Amino acid sequence: MAGERKFRLGVLGSGKGSNYVAIANAITAGRVAAEVALVVSDVADAGILAQARQFGHAAQFLPPGKFRTKLDEEAERAYITALQTAQVDLIVLAGFMRILKGDFLRAFEGRVINIHPSLLPSFPGLEAWKQALDYGVKVAGCTVHFVDQGVDSGPIIGQHTVPVLPDDTAATLHARIQQAEHELYPAAVAALARGEVEVRGRQVWWRK
Ligand code: GAR
């Protein structure tokens, strides 16, 4: 309907932004009923910011402050303010490489999601595809989950699997996992935007 408010996404990323691009393309194609209200990065020259400008989306570098793996207090406040000002309904972490906790999660309770390049709860943390390869698993994949106070530990919204092949390197496996990410993440955001995702404790179901 004309003038109807769209579901607004705030996207946070630190890297090249291929998941953001997959979501933005899915919006353009009419597969996700949402709009990107703001893209924020903690890395000044991150590819995701350049990609966002190409799509014509508001894009902002916000300095993370003095820590390496999380936002400091002042930065956390700046992130909260920017996302609240942009009136986002959902915060989509797309390769955002800092842990979000406390005040940030309280400000957007139940509205922060992440994509992780493994079948959680296996291989949380960094370079999950490499952890999977080194461990010798035969099936790898990706997980979209709500963000809670832990690391990659929130309720699971969806997972896609990919095979691990005998000649895989960390790079080829990561590329295969990323292809799966680019299917799963837009589909999960679409379901959330349509209000089709039901959360009962750790159980998350897509109603259709
Ligand atoms: C993705 O593979 C995502 O799963 C991973 O970073 C990559 C970002 O790629 N995230 C994590 O490892 C979070 N723990 P992108 O910038 O091309 O979307």
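Positions within a chain are numbered from 1, following the residues in the order the chain's sequence is written. Totals for whole chains, interfaces and linings use every residue, but because this is a predicted model, local features are given only for residues with pLDDT of at least 70 and side-chain atom pairs only at 80 or more, for both listing and counting. To obtain the side-chain values, all non-hydrogen atoms of the structure were included, while hydrogens and water were left out.

1. Details of the packing of helix H1 (residues 18-28) against helix H2 (residues 47-55)
- Angular values range over 0 to 180 degrees, each being the angle between N-to-C directions of two axes fitted as lines to C-alpha atoms, with helices fitted over their stretch in contact. Numbering goes from the N terminus for both helices and strands, where a helix is a DSSP run of H or I of at least four residues and a strand is a run of E of at least two. Contact geometry for H1 and H2: axes closest at 10 Å, N-to-C directions at 15 degrees. Looking at the two axes, H1 sits roughly parallel to H2. Between H1 and H2 the crossing geometry is right-handed. Contacts between H1 and H2 pair Tyr20, Val21, Ala24, Asn25 and Thr28 from the former with Ile48, Gln51, Ala52 and Phe55 from the latter.
- Gly is put with the polar residues, along with every residue not named as nonpolar or charged; the nonpolar set is Ala, Val, Leu, Ile, Met, Phe, Trp, Tyr, Cys and Pro, and the charged set is Asp, Glu, Lys and Arg. When grouped by side-chain class, the residues that make up the contact of H1 with H2 number six nonpolar, three polar and no charged. Should an angle fall under 35 degrees it is taken as roughly parallel, and over 145 as roughly antiparallel, whereas 65 to 115 is taken as roughly perpendicular and any remaining angle as oblique. Should the near helix be turned counterclockwise from the far one by less than a right angle, the crossing is left-handed, whereas a clockwise turn marks it as right-handed. Contact between two residues is taken to exist if any of their heavy atoms lie within 4.5 Å; hydrogens are not considered.

2. Side note on the site of the ligand
- Any residue with a non-hydrogen atom lying within 4 Å of a molecule or strand is treated as near it. For the ligand, the set of nearby residues contains 13 residues, the closest of which are Gly17, Ser18, Asn19, Gln178 and Glu181.
- Take His174: an N or O atom from its side chain is 3.2 Å from an oxygen atom of the ligand.
- Note that accessible areas follow from Shrake-Rupley with a 1.4 Å probe, and for residues the cover is restricted to the protein chains shown. Isolated, the ligand exposes 450 Å² of accessible area, and the fraction of that covered by the protein chains is 92%.
- Secondary structure elements with two or more residues in the shell around the ligand: H1, strand E5 (112-116) and helix H6 (170-193).
- The element contributing the most residues to the shell around the ligand is H6, with three residues.
- In terms of residue class, the shell around the ligand is made up of three nonpolar, eight polar and two charged. The definition of a polar contact used here is a pair of N or O atoms within 3.5 Å, where within protein one atom must be able to donate a hydrogen and the other to accept one, and adjacent residues in sequence count solely through side-chain atom pairs.

3. Section: the packing of H1 against H6
- It is at 9 Å that the axes of H1 and H6 come closest, and there the two elements cross at 50 degrees. The orientation of H1 with respect to H6, classified from their angle, is oblique. In the packing of H1 onto H6, the handedness of the crossing is right-handed. Seen from H1, the contacting residues are Ser18, Asn19, Ala22, Ile23 and Ala26; seen from H6, they are Gln178, Glu181, His182, Tyr185, Pro186 and Val189.

4. Details of the nonpolar core
- With 42 residues, the main nonpolar core has Leu9, Val11, Tyr20, Val92, Ile113, Tyr185 and Val189 as its most contacted residues.
- Not counting residues within four places of it along the chain, the set of residues in contact with Ile113 comprises Leu90, Ile91, Val92, Leu93, Val144, His145, Phe146, Val147, Ile157, Tyr185, Val189 and Leu192.
- If you look at the next biggest cluster of nonpolar residues, it comprises 21 residues, including Leu38, Leu62, Leu71 and Tyr79. What is meant by a nonpolar core is a set of buried Ala, Val, Leu, Ile, Met, Phe, Trp, Tyr and Cys residues, joined one to another through side-chain atoms within 4.5 Å. The buried label goes to any residue with under 20% of its type's maximum accessible area, the exposed label to any with over 50%, and the partly exposed label to all in between, with areas taken from a 1.4 Å probe on protein chains only.

5. A short note on the pattern of salt bridges
- One speaks of a salt bridge when a side-chain nitrogen belonging to Lys or Arg is within 4 Å of a carboxyl oxygen belonging to Asp or Glu. Taken as a whole, this structure holds 10 salt bridges when the rule is applied.
- Residues Arg8 and Glu35 are paired through a salt bridge, measuring 3.2 Å at the closest nitrogen-oxygen approach. Residue Arg8 is located in strand E1 (residues 7-13), and its partner Glu35 is located in strand E2 (residues 34-41); the two are separated by 27 residues in the primary sequence.
- Here Glu35 falls in the partly exposed class, since its relative accessible area comes to 28%.
- For the salt bridge of Asp103 with Arg106, the shortest nitrogen-to-oxygen distance reads 2.9 Å. Of this pair, Asp103 and Arg106 both sit in helix H4 (residues 102-107), separated by three residues, roughly a single helical turn.
- Accessibility expressed as a relative area gives 54% for Arg106, which makes it exposed.
- What you see here is one network of salt bridges that share partners, running through Glu198, Arg200 and Arg207.

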